[in-house]
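Each chain, written out:
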Amino acid sequence: MTLRTPSFILTASIAAVLAACAGDTAAPTSANVALTDSHGAHAKSLTGALTVEQKQGIAIARNATARFHNFKTAEDAGYSIQFPAGCAVDASGGADDPSEGAQAYHYMNKALVEDGVIDIERPELLMYEPQKNGSLQLVGVDYVVPRTFPKPAPLLGMEFKSVDVPGQQVWALHIWAWRPNVNGTFYPWNPAVSCKYQFQD
């Protein structure tokens, strides 16, 4: 497996990333998924200040994914598979008590997952929160490698965690690049993200 990250020497154009905007409507999918895997075992990470490297890395991720606020653009770029299916909520307090928030919908780029490469500019999954008007809003990115590959090296100083999701075992690291998280930028669940307006079959 190869770890590929760009230099953290940022130009002004990278630092000045685009502001968030509402995503396009996606096709209806299944109901929310309550996950009880090792996401819940994460320690709350980086509730304090981010390092310079982390700030620069997040700026790179934002710059690389800003165009995906338009969901159709994300689909056209290969983020067309919902995986895992459904709107993901924290199940540590039970499916009806998402005590730590949600991750919402994950849309996967299959080719990026299968290549076993971690590239901060090419996240394997994008996370979208469903909106009241039926659209999707980009809230974060998810870096994923199947566990058939060795554990990836830390990204921005953060360890990848082993996660079991339906049909797959992966190494995963979340970055809330587009939605602030009081529990930390790299914490898996975000209390500011909701599945309230999830799509209905």
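Residues numbered from 1 in each chain as written. Predicted model: local features only at pLDDT ≥ 70, side-chain atom pairs only at ≥ 80, totals over all residues. Heavy atoms only, no water.

Trainee: Let's hear about helix α2 (residues 52-65): which residues, and what values?
Mentor: Because the α-helix completes a turn every 3.6 residues, residues three or four places apart line up on one side. For α2, with 14 residues, the first-to-last C-alpha span of 20 Å sits near the 20 Å given by 1.5 Å per residue. Turning to α2, its buried residues number three or more, namely Gln54, Gly57, Ile58, Ala59, Ile60, Ala61, Ala64 and Thr65. (Helix = DSSP H or I, 4+ residues; strand = E, 2+ residues; numbered from the N terminus. Expected span 1.5 Å × (residues − 1). Buried < 20%, exposed > 50% of the residue type's maximum accessible area, 1.4 Å probe, protein only.)

Trainee: Please give an account of the pairing of strand β8 (residues 136-146) that cites residues and values.
Mentor: For β8, the buried fraction is high: ten of the eleven residues fall into the buried class. Judged from the six bridges that link them, strand β7 (residues 125-130) and β8 form a sheet pairing that is antiparallel. Residue pairing for β8: leucine 125 is matched across the bridge by aspartate 142. Linking β7 to β8, which pair antiparallel, is a turn of five residues; within it glycine 134 sits at a positive phi near 90 degrees. (Pairing = 2+ DSSP bridges.)

Trainee: How would you summarise the pairing of strand β9 (residues 161-165) if you had to cite specific residues and measurements?
Mentor: Pairing analysis gives five bridges linking β9 to strand β10 (residues 168-175), with the strands arranged antiparallel. Counterpart to serine 162 in the pairing with β10 is tryptophan 171. As consecutive antiparallel partners, β9 and β10 are separated by two residues, and within that stretch glycine 167 has a phi angle of approximately 85 degrees, a positive value.

Trainee: Please set out the packing of aromatic side chains residue by residue, giving values where relevant.
Mentor: Within the structure shown, the criterion is met by five aromatic pairs. When the ring of phenylalanine 71 is compared with that of tyrosine 107, the centres are 4.7 Å apart and the planes differ by 70 degrees; the resulting orientation is edge-to-face. Taken together, the residues span a long stretch of sequence, with phenylalanine 71 in helix α3 (residues 71-76) and tyrosine 107 in strand β5 (residues 102-109) at a distance of 36 residues. Residues phenylalanine 71 and tyrosine 107 agree in their burial class; the two are buried. Above the plane of the ring of tryptophan 178 lies arginine 62, whose end atom (NZ or CZ) is 4.0 Å from the centre. (Phe/Tyr/Trp six-rings, centres within 6.5 Å; stacked < 30°, edge-to-face > 60°. Lys NZ or Arg CZ within 6 Å of the ring centre and 35° of its normal.)

Trainee: I'd like to hear about the environment of methionine 108, residue by residue, with values.
Mentor: Along the polypeptide, methionine 108 turns up in strand β5. In this structure methionine 108 comes out as buried when scored by relative accessible area, which is 11%. In this structure the C-alpha to C-alpha distance between methionine 108 and phenylalanine 83, which are 25 residues apart in sequence, comes to 6.0 Å. The residues contacting methionine 108, other than those within four sequence positions of it, are Gly78, Tyr79, Ser80, Ile81, Phe83, Val113, Glu124 and Leu125. (Contact = heavy atoms within 4.5 Å.)

Trainee: Tell me about the nonpolar core, residues and numbers included.
Mentor: Leu126, Tyr128, Tyr143 and Ile175 are the most contacted members of the largest nonpolar core, which totals 40 residues. Counting only elements with at least two residues in this core, the list comes to α2, α3, β5, β7, β8 and β10. Residue contributions to this core peak at six residues, all from β8. Ignoring sequence-local partners within four residues, the contact set of leucine 126 consists of Thr65, Phe68, Ala74, Tyr79, Tyr105, His106, Tyr107, Leu138, Gly140 and Val141. (Core = buried A, V, L, I, M, F, W, Y, C linked by side-chain atoms within 4.5 Å.)

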